[in-house]
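Close look at the chain arrangement
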Amino acid sequence: MIIIAASVRLALSSIERFAPALAFAPQNGFKHQLKTLFTDPFASVHHSFNWFDTLLLLPYFIVMIVLAAYGIHRYTMCYQYFRYRKNYNPNPTSHFADLPRVTIQLPIFNEQFVIDRLIEAVCAMEYPKDKLEIQVLDDSTDETQEVARGIVDRYAALGHPIEYIHRTNRHGYKAGALDAGLKVAKGEFIAIFDADFVPPPDWLMRVIHHFAEPGIGMVQTRWTHLNRDYSMLTQIEAILLDGHFVLEHGARARTGQFFNFNGTAGMWRRPAIDDAGGWQHDTLTEDTDLSYRSQMAGWKFKYLPEIECPAELPIEMTAFKTQQARWAKGLIQTSIKVLPMMFRSDVPRRIKIESVYHLTANMSYPLMVIMTALLIPSMIVRFYQGWFQMLLIDVPLFAASSLSIAVFYLASQRVLFPRTWPRTFLYLPFLMALGIGLTVTNSKAVVEALLGIKSAFARTPKYRVAKKGEKSQAAKYRKRLVLAPWIELLVGTYFFLAIIYCFSNHNYFTAPFLILFVIGYWYTGLMSLLQGRFERWRSGANAEESSPKPFPVGV
């Protein structure tokens, strides 16, 4: 997803070359271009470029090359996933003769509409009660306190080993809550589930025996999706996450690379947390931060994609953008913190290289902003240049970036859905458009991380909807973005003007790709502004009842 927007732009620039050839065929025909290629491949450049054109196009192509490098990395991950498939064994190497004590931590913050579902699922887990401890770590500031405490008391009265822990402040946010719970936890192993997850009853028994292998510090299981079919947005979100959990995690785990705990649906060996320095809250992705520190301390991680843990996807655009911006900012913060440690460590060079790709991938967003700013000027500069010579550059870059997007997500869907995966072709254009639309908020998040600007941990609202047509129960948690949607609408208009320019110059091949940019920015902008208002218009509810005020979400 990180390079989707730039990938489409690379495809755009490749096709763009054909328009001048058609519009001015007598002067610049195919035979003339072919002859020029073998006599002087850059003749048109020599005759037409000046210093201004060079200064404009140089950063343009530098950005494209950097983004293409991330695209090549996607190809590499696809190759490694299938090349090293024999390296994966889903079965534990041995079993515990006597089951160890496990603590399950449930960090929550203002989750009154999903907390009952989570606690019910955790209390239904198949594990000896005398070896189990359940901690509800509640930092809530609303009615969730009373709701959660009442549910915990009810299950405790039924004999479940569950306790309610409430903090009077949110120091350290989720990382602080997990650390506070760990200080009083009795378990040798720590399982963690966020509020929107519904772990199956056999989850603990399928995971715990993998820790019988010495040196295993963490086991991560695969997220699945309770509301995948709710809307087009949730379908795309599911495909994006599937790519991460199938190919990224799969390839890294199979080749012995470092990979990260995803903050939920995983289990830790307690010494693996302690040896790494414990939970720290100086980044917004405390899970990735701890993961790298733990693996550098010598602990091994295991990924079990066949063990599924269902979760709820965000159903509203603002919630999705909040989540993505937090991850983007947190990973850059983690790269600034962790990569210097990696370079000074004695881990293999290949792991260091992969860590750079992993932790810096979100740098593609501000690079895309640069490309967006250069789009129309570069189009004007290159409109009258020969397309055949430049094609030698654009085709490899296109194959490295744009095609890698399709290959990456199609491959993940083929692994998960061998019979129905071709349907993914229908979602690819919308997936690319959505990735383009995230550029504004995620670029801001990345720049904040680079500048050292701190922000609160912005939770992703949970709506408790699974089926299409269900109405959200959690409208009070709906959040609003202040400035970003208007910027997205303006940028979409900028690309709309670029389409008009293309048609005025008979450049019809470029317009379809620019339409993706218009759709992406207008879609994310309009849905951020309007989502939730349709419910109130239909029901006639007062705006104050469902969304008391515009809530900035730190992006």
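On a predicted model such as this, the values are computed, not experimentally measured, just so you know.

About the thresholds
Residues numbered from 1 in each chain as written. Predicted model: local features only at pLDDT ≥ 70, side-chain atom pairs only at ≥ 80, totals over all residues. Heavy atoms only, no water. Helix = DSSP H or I, 4+ residues; strand = E, 2+ residues; numbered from the N terminus. Buried < 20%, exposed > 50% of the residue type's maximum accessible area, 1.4 Å probe, protein only. Contact = heavy atoms within 4.5 Å. Areas by Shrake-Rupley, 256 points an atom, 1.4 Å probe, with all protein chains shown as cover. Expected span 1.5 Å × (residues − 1). pLDDT = per-residue confidence, 0-100. Core = buried A, V, L, I, M, F, W, Y, C linked by side-chain atoms within 4.5 Å.

1. As for the overall build of the protein
Looking only at helices and strands, the protein features 22 helices and seven strands. Buried residues in the protein amount to 60% of all 555 residues. Counting only contacts in the protein whose residues sit at least 6 apart along the sequence, the fraction spanning at least 24 positions is 85%. Roughly 23000 Å² of accessible area belongs to the protein as shown, and the carbon and sulfur atoms make up 64% of that amount.

2. Describing helix α14 (residues 349–360)
The terminal C-alpha atoms of α14 lie 17 Å apart, and with twelve residues this matches the ideal 16 Å at 1.5 Å per residue to within 8%. By the burial criterion, the buried members of α14 are Ile351, Lys352, Glu354, Ser355, His358, Leu359 and Thr360. Looking at the buried residues of α14, the elements they touch are α5 (51–83), α10 (232–254), α12 (286–296) and α13 (317–344).

3. Examining the confidence of the model for the protein
This prediction gives the protein a mean pLDDT of 84; 80% of its residues lie at or above 70. In the predicted structure, residues 1–47 sits below a pLDDT of 50 and forms 117 contacts with residues beyond four places in sequence or in another chain. Across residues 537–555, where pLDDT falls below 50, the model places 29 contacts with residues more than four positions away in sequence or in other chains.

4. A closer look at the nonpolar core
Of all hydrophobic cores here, the largest spans 65 residues; its most connected members are Ile104, Ile119, Trp203, Leu204, Met267, Trp268 and Trp279. When residues in this core are grouped by element, the largest group, six residues, is from strand β7 (residues 300–311). If we skip the residues at most four places from it in the chain, Leu204 touches Val102, Ile104, Met125, Tyr127, Leu132, Ala191 and Met267. Core analysis: the next-biggest nonpolar cluster, separate from the first, contains 30 residues, Leu374, Leu375, Val440 and Val491 among them.

5. What about unusual backbone geometry?
One non-glycine residue, Asn110, lies in positive phi territory at about 55 degrees. When you line up the elements, Asn110 lands in the loop between β1 (102–108) and α6 (115–123). Its identity is not glycine, yet Tyr173 carries a phi of approximately 55 degrees, on the positive side. For Tyr173, a relative accessible area of 27% gives the class partly exposed.

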